Amino acid sequence: MRSKKHIILTTLTLTFLSCFTYVISQTKPTTEPKPKITQDTVKIIKPDILAIPTDSIFTDKGLKLKPYKKNAHASYYADRFNGKKTASGARFNNSKYTAAHKKLPFGTRIKVTNEANGKFVIVKVTDRGPFVKTRELDLSKRAFMEITKNKGAGAMKVTIETIVE
């Protein structure tokens with residue numbers, strides 16, 4: 001009796017597998033090219049849970065971008081620093097596209113995107129700072145005002161990407 005059940009079960013299993021194999025072999029692979037995904041098209045709903053891989057390089061309008069940090073706090077230089085020497089030795093000018101960062105090397109070009117509205121600027125790191133623990137980046141006033149949502153704001157959350165040469 002057991003061997004009869006065993007034979008029936010085996011026969012049913014083989015029939016199911018052969019049908020499954022036939023169906024799989026009849027499906028045609030799609031020949032459509034996959035769309036190229038750039039970082040700007042990625043929308044993160046909960047950025048605290050999802051992280052950007054730091055070893056990836058994305059392209060955006062001819063720029064090679066390497067993700068550096070999301071949800072970074074950025075502020076801007078006060079007018080009193082205009083004309084003073086920066087840590088790199090250059091004179092600071094609030095009407096140029098420059099930034100201060102604690103660790104990125106001088107001369108590094110970075111893309112800074114306002115997370116609230118998607119506007120971005122490209123700036124060059126010329127100074128060290130900011131010297132406030134909660135802040136990651138100090139932008140020149142011109143760069144900050146170009147991407148801010150509210151002209152009266154003093155800080156905003158940004159995404160920082162380094163430009164790979």
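Each remark here, short or long, concerns the structure printed above.
Please read these numbers as outputs of a predicted model, since none were measured by experiment. (Residues numbered from 1 in each chain as written. Predicted model: local features only at pLDDT ≥ 70, side-chain atom pairs only at ≥ 80, totals over all residues. Heavy atoms only, no water.)

*Asks:* Describe in detail the layout of surface pockets, supporting the description with residues and values.
*Replies:* The volume enclosed by the second largest pocket comes to roughly 270 Å³. For the second largest pocket, the lining is made up of 18 residues, of which Tyr77, Ala78, Phe81, Pro130 and Asp138 are closest to its centre. Of the residues assigned to the lining of the second largest pocket, the class counts are nine nonpolar, three polar and six charged. (1 Å grid on protein atoms, 1.4 Å probe; cavity = no way out; pocket = protein on both sides within 12 Å on 5 of 7 lines; lining within 4 Å. Points joined across faces, edges and corners; volume = space filled by probe spheres on them. Nonpolar A, V, L, I, M, F, W, Y, C, P; charged D, E, K, R; others polar.)

*Asks:* Which residues make up the nonpolar core, and what are the values?
*Replies:* Grouped together as the largest cluster of nonpolar side chains are 18 residues, with contacts concentrated most on Ile110, Val112, Val123, Leu137, Leu139 and Val158. Looking at this core, the elements that each hand over two or more residues are strand 2 (63–76), strand 4 (109–114), strand 5 (120–127), strand 6 (137–139), helix 2 (141–147) and strand 7 (155–164). When residues no more than four places from it in sequence are discounted, the contact partners of Val123 are Tyr97, Thr98, Ala99, Thr108, Arg109, Ile110, Val112, Leu139 and Ala143. (Core = buried A, V, L, I, M, F, W, Y, C linked by side-chain atoms within 4.5 Å. Buried < 20%, exposed > 50% of the residue type's maximum accessible area, 1.4 Å probe, protein only. Helix = DSSP H or I, 4+ residues; strand = E, 2+ residues; numbered from the N terminus. Contact = heavy atoms within 4.5 Å.)

*Asks:* Break down the packing of aromatic side chains for me, citing the residues and quoting the values.
*Replies:* Applying the stated criterion across every chain, the model contains three aromatic pairs. Each ring, one from Tyr76 and one from Phe144, has its centre 4.7 Å from the other, and the planes form 45°; the classification is tilted. With Tyr76 in strand 2 and Phe144 in helix 2, this residue pair connects regions lying 68 residues apart in the sequence. A relative accessible area of 0% means that Phe144 is categorised as buried. Within the aromatic cluster, the residues linked to one another by ring pairs are Tyr77, Phe81 and Phe92. The side chain of Lys111 reaches across the aromatic face of Phe120, ending 4.3 Å from its centre. Over the ring of Phe106 we find Arg128, and its NZ or CZ is 4.2 Å from the ring centre. (Phe/Tyr/Trp six-rings, centres within 6.5 Å; stacked < 30°, edge-to-face > 60°. Lys NZ or Arg CZ within 6 Å of the ring centre and 35° of its normal.)

*Asks:* Could you give an account of the pairing of strand 4, naming the residues involved and the relevant values?
*Replies:* A large share of strand 4 lies buried, amounting to five of its six residues. Judged from the five bridges that link them, strand 4 and strand 5 form a sheet pairing that is antiparallel. The residue bridging Lys111 from the neighbouring strand is Ile122, located in strand 5. In textbook terms, the turn of a hairpin is the stretch between consecutive antiparallel strands, and for strand 4 and strand 5 this stretch comprises five residues, one of which, Gly118, has a positive phi near 80°. Relative to strand 7, strand 4 runs antiparallel, the two sharing five bridges. Bridging from a neighbouring strand, Asn114 pairs with Val158 of strand 7. (Pairing = 2+ DSSP bridges.)

*Asks:* Outline the pairing of strand 2, supporting the account with residue identities and numerical values.
*Replies:* Successive residues of a regular strand alternate their side chains across the two faces of the sheet. In terms of strand pairing, strand 2 meets strand 7 through nine bridges, oriented antiparallel. Opposite His73, over in strand 7, you have Lys157 as the bridge partner. Both strand 2 and strand 6 contribute to a ladder of three bridges, which runs parallel. Counterpart to Tyr76 in the pairing with strand 6 is Leu139.

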